[in-house]
Amino acid sequence: TKMPSDRANYSNTPFAYGAVGDGTADDTTAVQHCGKSGYCWLPAGYTFKVSAPIQIPHEGTFIGAGAASAIQGASVAGGVVQIGDGASRVYNCTVGGFKVTGSAVNAVKMCGTSSNTVSNIWARGGFIDGFKFDCGYFGDELSNLSTDRCAISNACFWVGGGFNANACSQWYTGDTLGMPFNFFFEDANSTGESYGSVFNGLCCQGGVTGLYVGANHGGHTFNGYYSENVV
């Protein structure tokens, strides 16, 4: 849906809750209120700066117009965008169509989710782990996710325990140089075994390790894995 060019006419965007969208003003409260409304549209041409994780609610829609829609983390202690916190299952969310800039622990963090669609997200900032899938997943669709040109200090994609029967495609680390891991799979928090997810088109460039598969991950299918310039 094409949104009007006049910000005053935006009824389902952070502007309706007082956001400025200039990348300087702190729009955390406005973006979170928009997200909790159940449907939030991030219009192109604006950067919404946030200083705390934006939590996407159960059955929430949080989408943008593509790479021209931006959320900028300001030293966020967690994911700039978060789906689930592990306390209760979050499902039937639709999230994507934006880039994540700035600084945070993660660009996107998911924990305790089912039947969500997360796609077309470009991480372009400085993060410890770019996309972190922390614990307890079933039947999510996770596609077209990129950390190209990020500054990553650990893993571009971090996949923890309980990651089951998910459809994952086109995960791209790009020219993200110097990080220890492109793709890191391990049940580091002892949250449960992971089986039966399908990964199509994982692509990594640079870094020390391309694909690491550790504890409690088995029975996954990897199709079309590509690795280049990896130590």
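Residues numbered from 1 in each chain as written. Predicted model: local features only at pLDDT ≥ 70, side-chain atom pairs only at ≥ 80, totals over all residues. Heavy atoms only, no water.

Student: I would appreciate a short explanation of the state of the cysteines in the present structure.
Tutor: Counting across every chain of the model gives two disulfides. Cysteine pairing in the protein follows 1-2, 3-4, where each cysteine in a disulfide is numbered by its order in the sequence. The thiol of C203 is unpaired, and the distance to the nearest cysteine sulfur, on C204, comes to 6.6 Å. Residue classification places C203 among the buried residues on the basis of a relative accessible area of 18%. (Disulfide = S-S within 2.5 Å. Buried < 20%, exposed > 50% of the residue type's maximum accessible area, 1.4 Å probe, protein only.)

Student: Explain the nonpolar core here, please?
Tutor: Generally speaking, a soluble globular protein has its nonpolar side chains buried in company with each other. F62, V95, F133 and W171 are the most contacted members of the largest nonpolar core, which has 51 residues in total. A per-element tally of this core places strand 8 (residues 94–110) first, with seven residues. Each residue touching F62, except ones within four places of it in the same chain, is listed here: V31, G35, C40, L42, I54, I56, I71, V81, T94, V95, G96 and F98. (Core = buried A, V, L, I, M, F, W, Y, C linked by side-chain atoms within 4.5 Å. Helix = DSSP H or I, 4+ residues; strand = E, 2+ residues; numbered from the N terminus. Contact = heavy atoms within 4.5 Å.)

Student: What am I meant to see in the pairing of strand 15 (residues 181–185) here?
Tutor: Along any regular strand, the residues point their side chains to alternate faces of the sheet. Within strand 15, five of the five residues are buried, which leaves the element mostly enclosed by the surrounding structure. Two strands pair when backbone bridges link them, and strand 13 (residues 151–164) and strand 15 are joined in this way by four bridges, in the parallel orientation. In the strand pairing of strand 15, A155 is matched with F181. Here four bridges tie strand 15 to strand 18 (residues 209–213), and the two strands are oriented parallel to one another. (Pairing = 2+ DSSP bridges.)

Student: Could you clarify how one ought to interpret the pattern of salt bridges in this entry?
Tutor: Any two side chains of opposite charge can pair if their charged atoms end up close together. For the coordinates displayed, the defined rule picks out two salt bridges. A salt bridge links K109 to D134; the nearest nitrogen and oxygen atoms lie 4.0 Å apart. Of this pair, K109 sits in strand 8 while D134 sits in strand 11 (residues 126–138), placing them 25 residues apart in sequence. For the salt bridge of D148 with R149, the shortest nitrogen-to-oxygen distance reads 3.6 Å. With relative accessibility at 58%, the residue R149 sits in the exposed group. (Salt bridge = Lys/Arg side-chain N within 4 Å of Asp/Glu carboxyl O.)

Student: It is not clear to me how the environment of L211 should be interpreted in this structure. Could you clarify?
Tutor: Position of L211 among the secondary structure elements: in strand 18. For the pair L211 and V118, spaced 93 residues apart in sequence, the C-alpha separation works out to 22 Å. In this structure L211 touches F183, F185, F222 and Y225, once residues within four positions along its chain are discounted.

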